[in-house]
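Listed here are the chains, written in short residue letters.
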Amino acid sequence: MKARTNEASAAVASIDEKTRLRLYQVMVELRDFEQRAYELFVENLIRGTSHLALGQEAIAAGCAVAMRNDDYTFCTYRGHGHTLARGASMAAAIGELLGRSNGMLHGKGGSMHLTDVTHGAMGSYAIVGAHLPIAAGAAWSAQARKSGQVAVCFFGDGTTNIGAFHEALNLAVVWKLPVVFVCENNRYMEYTPIESVTAVAHPAADRAAAYGLEPILVDGNDADVMYETAARTIGHARSGGGPSLVEALTYRHGGHSRGDPASYRPKEEVSDWLSRDPVKQYRQRLASTGIDDGTLTKIEEASRRKVDVATDEARKAPPARIEDIESQVWSDGGSAWRN
Amino acid sequence: MAELTFREAVAAGIAQEMERDTTVYFIGEDVAAAGGVFKATVGLLDRFGAERVRDTPISEQAIVGAAMGAAMTGLRPIVEIMFSDFLATCWDMIANQVAKTRYMTDGQVSLPLVIRTANGGGSRFGAQHSQSLENWAMAVPGLKVVAPSTPADAKGLLAAAIRDPDPVLFFEQKSLYGIRGEVPDGEHVDSLGTARVLRSGKDCTIVALAAMVPRAMAAAAELDGIGINAIVVDVRCLVPLDTRTILGEVSKTGRLFTVEENPRLCGWGAEIASIVAEECFDDLDGPIVRITTPHVPLPAAQSMEDEAMPTVARIVDTVKGAMR
């Protein structure tokens, strides 16, 4: 099976300039945000763990730009980018990473659970596979309410070997739910090469036929391809065509999480993928299609400023409030379990 | 008042709420066309149609996960997990996702959903289809836990659970499905977090839940005959827990007995015993005594299962022995 490439699709060529600049802007912002998150780790300002998506920005950007404002995003603990790509506040995201009161979840969730429902970012889920059935449920609700909304659910290659993946796909197909499942195949299930623990070569695409779905294998480092794939599959879901399963090939620039130097990956493999950096190669493409350097530089400078301003705001915010420890277990705002 | 079986009262509770609120949907294995393996949902498909009453595959994670995704986006789903033992196959969804997401997002999402499940022993099904698991649910912050003992409560508390804005685990004791009882006519909605005093007394207070309630009542009647006059309290709801009623009724007699179908360790009675010991120790005239299933997986054979679960005779003997 061969991944669809930029050249493979005529639809890709028709993406307009405004959309392309938006794709570039989102990717640059996600890159700068994750770089900053890494720097804050190094400064020891972020406790706990964090899973960066450096190198995987084209998937988040391509899908988010193709989504309608009221569509739903469900993502994993590697979810900073997916959440921000829907328009969530960067200061609130950094605040959450730092455990500050301005945090997106006021300190209750942390890096692995970024959520901003006002922007359709319905949560980052840290138990592998759990959010696939939940995304199917949001799609079921959209179908029942006839709202035309679509749920887009992102997960890693490792997720394809857990039961919830299969339960969710089956239900989504049987009920013809408006959901797009996007497997971000970054080749490693945490520390272990995915092919060494998976029965098939393409962990998602090779399983599609088992659910009567078209196998879709795409270059996840190409923002145009991702945008076109997302637009097509989301459109299919919105028009009542049911779910899709997309496998997007990509690569983590860093390790699985904060404490992982990723020394298990062959040097040649890393350098090969770094040469296919989605942000750099998209910049080159935009330049080659005649977009002037000044326009791109402006996007890059604005992104850096945005991250700096957000970082300052979060750094200045006080720690998460201890008064909130016992709030919001229940809808009445409290946590009472007895009278 | 109409007389209904417990299983009919469950269906009546669901129907009442589906009639009232078009965002209430109901899914589960064999619940629609077959009316449920315990026949507790008969007639709902015909009445509300295949959009709102749906059969699912045997996919408990998908069932509960779908309910969660639907609840956070505007529906009020009810799901059935056929046997409470199967909660173990979707415990991630319940304990990690449903229970925690409101808190972890600091209130960004609400999860108005009900997970109904057939619970408990007495059917000779063996240890994987007979557990009384309400204490699992009780141990997880973010879940409300209900276990009714009568048809009227089944309908009224189920209606309250469906209207509740938070996730509720609703345990229906299999051994109660066939019992009959008066159920109020017309709309019937009860209140979560309220225990009920079923009989007053002066010598001891027996606190029971679900299928243990009729056994506690039968034991109390026998105890009357030997001069021990017992209060019986039906807990009805473990979270929120009506400690006010329980503490008040224990203070009246100075003796507390709990009757629990669950295996011994960390049963709900242990929490109540702890609260009573901490908060009305001075009112106690003797040790708190818990009557439970022993700490074993429930055996299948009739002779063994009947003896393992708290019997009326064991309740009577235990109370009599402790009150000497």
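Here the residue index of a chain counts from 1 through its sequence in written order. Labels are handed out in written order, letters beginning with A for the chains and numbers beginning with 1 for the ligands. Local features in a predicted model are, by the rule used here, given only for residues with pLDDT of at least 70; side-chain atom pairs are given and counted only at 80 or more, and totals for whole chains, interfaces and linings are based on all residues. Processing note: side-chain calculations cover all non-hydrogen atoms of the structure and skip hydrogens and water entirely.

**Q** Break down the interface of chain A and chain B for me, citing the residues and quoting the values.
**A** Of the residues lining the interface, 40 residues belong to chain A; the matching set on chain B comes to 50 residues. In this description, buried area is defined as the sum, over both parts, of the accessible area (probe of 1.4 Å) that is lost when the two are combined. A combined buried area of about 3,900 Å² lies between chain A and chain B, and 59% of that area is made up of carbon and sulfur atoms. It is W140, W330 and N339 of chain A that lose the most area in chain A upon contact with chain B, and together they represent 18% of the buried surface on that side. Think of a polar contact as two N or O atoms within 3.5 Å of one another; within protein, one of them needs to be a possible hydrogen donor and the other a possible acceptor, and neighboring residues in sequence only count if both atoms come from side chains. Here chain A is connected to chain B by 25 residue pairs in polar contact (both at pLDDT 80 or more). Here the residues of the side of chain A that touches chain B sort into 21 nonpolar, 13 polar and six charged. Two residues qualify as a contact provided that any one of their heavy atoms is within 4.5 Å of a heavy atom in the partner residue. In this count, Pro and Cys sit with the nonpolar residues alongside Ala, Val, Leu, Ile, Met, Phe, Trp and Tyr, while Asp, Glu, Lys and Arg are called charged and the others, Gly among them, polar.

**Q** Outline the packing of aromatic side chains, listing residues and values.
**A** When the centres of two rings from Phe, Tyr and Trp lie within 6.5 Å, Trp using its six-membered ring, the rings pair. Their planes under 30 degrees apart give stacked, over 60 give edge-to-face, and anything left gives tilted. The tally for this structure, following the rule as stated, stands at 14 aromatic pairs over all chains. Considering the side-chain rings of W140 of chain A and Y25 of chain B, the 5.9 Å spacing of their centres and the 90° angle between planes classify their relative orientation as edge-to-face. You can see W140 of chain A sitting in helix α6 (residues 131-145) and its partner Y25 of chain B sitting in strand β2 (residues 24-28), one on each of two chains. Across the pair, exposure class does not vary: W140 of chain A and Y25 of chain B are buried alike. Measuring from centroid to centroid gives 5.2 Å for F38 of chain B and F83 of chain B, while their planes differ by 65°, and the two rings are edge-to-face. Of this pair, F38 of chain B sits in the loop between β2 and α2 (44-48) while F83 of chain B sits in strand β4 (residues 76-83), and the two are 45 residues apart along the sequence. Taken together, the ring pairs connect F6, F38, F83, F86, F125 and Y177 of chain B into an aromatic cluster. Ring-over charges, as used throughout, are those where CZ of Arg or NZ of Lys falls within 6 Å of the ring centre and within 35 degrees of the ring normal. Positioned over the ring face of W273 of chain A is R276 of chain A, at 4.1 Å from the centre of the ring. The side chain of R52 of chain B reaches across the aromatic face of Y25 of chain B, ending 5.9 Å from its centre. A run of H or I in DSSP becomes a helix once it reaches four residues, and a run of E becomes a strand once it reaches two; helices and strands are each numbered from the N terminus. The buried label goes to any residue with under 20% of its type's maximum accessible area, the exposed label to any with over 50%, and the partly exposed label to all in between, with areas taken from a 1.4 Å probe on protein chains only.

**Q** Tell me about the sheet that holds strand β9 (residues 196-199) of chain B, residues and numbers included.
**A** All names here are of chain B. In spatial order, the strands read β9-β11-β10-β13-β14; together these five strands make up an open sheet with mixed pairing. With one partner strand each, in any of the chains shown, β9 and β14 (289-293) form the two edges of the open sheet. Pairs of neighbouring strands in the sheet enclose a mean axial angle of 25°, with direction left out of account. Between N-to-C directions, angles span 0 to 180 degrees; the directions come from axes that are lines fitted to C-alpha atoms, helices contributing only their stretch in contact. Across the sheet, helix α10 (residues 268-279) is in contact with β10 (204-208), β13 (256-263) and β14; its angle to β13 comes to roughly 155°. Two strands qualify as a pair provided that DSSP identifies no fewer than 2 bridges between them.

**Q** Break down the pairing of β14 of chain B for me, with residues and values.
**A** Residue and element names in this part refer to chain B. When you tally the buried positions in β14, you get five out of five residues, the bulk of the element. Here β13 runs beside β14; their pairing, made up of four bridges, is parallel. Pairing of F257 across the sheet is with V289, part of β14.

**Q** Before we move on, could you go through the sheet that holds strand β3 (residues 151-156) of chain A and cite the residues and values that matter?
**A** All names here are of chain A. An order of β2-β1-β3-β4-β8-β7 is seen for the six strands of this open sheet, with the pairing classed as parallel. Pairing within the sheet leaves two strands with one partner each, and these edge strands are β2 (121-125) and β7 (216-219). This sheet shows a mean twist of 20° between the axes of neighbouring strands, independent of strand direction. Across six bridges, strand β4 (residues 179-185) lies against strand β8 (residues 244-249) in parallel orientation.

**Q** Tell me what's going on with helix α2 (residues 17-42) of chain A, and back it up with residues and numbers.
**A** The span you would expect from a helix comes to 1.5 Å times its residue count less one. For α2 of chain A, spanning 26 residues, the distance from its first C-alpha to its last is 37 Å, which sits close to the expected 38 Å at 1.5 Å a residue. Just downstream of α2 of chain A lies N44 of chain A, where phi reads positive at about 65°.

**Q** How would you explain the packing of helix α11 (residues 278-288) of chain A against helix α12 (residues 293-316) of chain A if you had to name every residue and give the values?
**A** Residue and element names in this part refer to chain A. Axis separation between α11 and α12 bottoms out at 9 Å; the angle between their running directions is 150°. The orientation of α11 with respect to α12, classified from their angle, is roughly antiparallel. Where α11 approaches α12, its residues R283, L286 and A287 are matched on the opposing element by D293, L296, T297 and E300. Considered class by class, the residues forming the contact of α11 with α12 number three nonpolar, one polar and three charged. Here the word oblique covers every angle except those under 35 degrees (roughly parallel), over 145 (roughly antiparallel) and from 65 to 115 (roughly perpendicular).

**Q** So what's going on with unusual backbone geometry? Which residues, and what values?
**A** All names here are of chain B. A cis amide bond, omega -5°, links V239 with the succeeding residue P240. Structurally, P240 is set in the loop between β12 (237-239) and α9 (243-253). Residues other than glycine seldom take positive phi values, yet K39 does so here, at roughly 60°. Topologically, K39 is positioned in the loop between β2 and α2. Under the relative-accessibility criterion, K39 is labelled partly exposed at 44%. Of note, the phi angle at D106 is positive, near 50°, even though the residue is not glycine. Looking at where D106 falls in the secondary structure, it is placed in the loop between α5 (101-104) and β5 (114-119).

**Q** Please give an account of the environment of D46 of chain B that cites residues and values.
**A** Considering the arrangement of structural elements, one finds D46 of chain B in helix α2. Put simply, D46 of chain B and G35 of chain B are 11 residues apart on the chain and 9.9 Å apart in space, counted from C-alpha to C-alpha.

**Q** With reference to specific residues and values, describe the domain arrangement of chain B.
**A** Residue and element names in this part refer to chain B. Once the domains are mapped, chain B shows domain 1 (2-183) and domain 2 (196-323). Using C-alpha coordinates to define each centre, domain 1 is positioned 26 Å away from domain 2. Counting residues at the interface gives 24 residues for domain 1 and 27 residues for domain 2. When domain 1 packs against domain 2, the two sides together hide about 2,000 Å² of surface, and 57% of this comes from carbon and sulfur. Of all residues in domain 1, the largest losses of buried area upon contact with domain 2 belong to R124, N135 and M138, amounting jointly to 30% of the total for that side. When a carboxyl oxygen of Asp or Glu is within 4 Å of a side-chain nitrogen of Lys or Arg, the pair counts as a salt bridge. Here domain 1 is connected to domain 2 by four salt bridges. Linking domain 1 with domain 2 are 13 residue pairs in polar contact (both at pLDDT 80 or more), by the criterion used here. As annotated, the domain borders come from an automatic or database domain assignment.

**Q** How would you sum up the packing of α9 of chain B against α10 of chain B? Please name residues and give values.
**A** Residue and element names in this part refer to chain B. Put simply, α9 and α10 touch, their axes get as near as 11 Å, and they point 60° apart. Pair α9 / α10 crosses with right-handed handedness. On the side of α9, the interface is formed by T243, I246, L247 and V250, while α10 contributes I272, I275, V276 and E279. Of the residues that constitute the contact of α9 with α10, the class distribution is six nonpolar, one polar and one charged. In this scheme the crossing of two helices becomes right-handed for a clockwise turn of the near helix relative to the far one and left-handed for an anticlockwise turn of less than a right angle.

**Q** Which residues make up the pairing of β3 of chain A, and what values go with them?
**A** Residue and element names in this part refer to chain A. The buried fraction of β3 is high, at five of six residues. In terms of strand pairing, strand β1 (residues 72-76) meets β3 through three bridges, oriented parallel. Opposite T73, over in β3, you have V152 as the bridge partner. Pairing between β3 and β4: six bridges, direction parallel.

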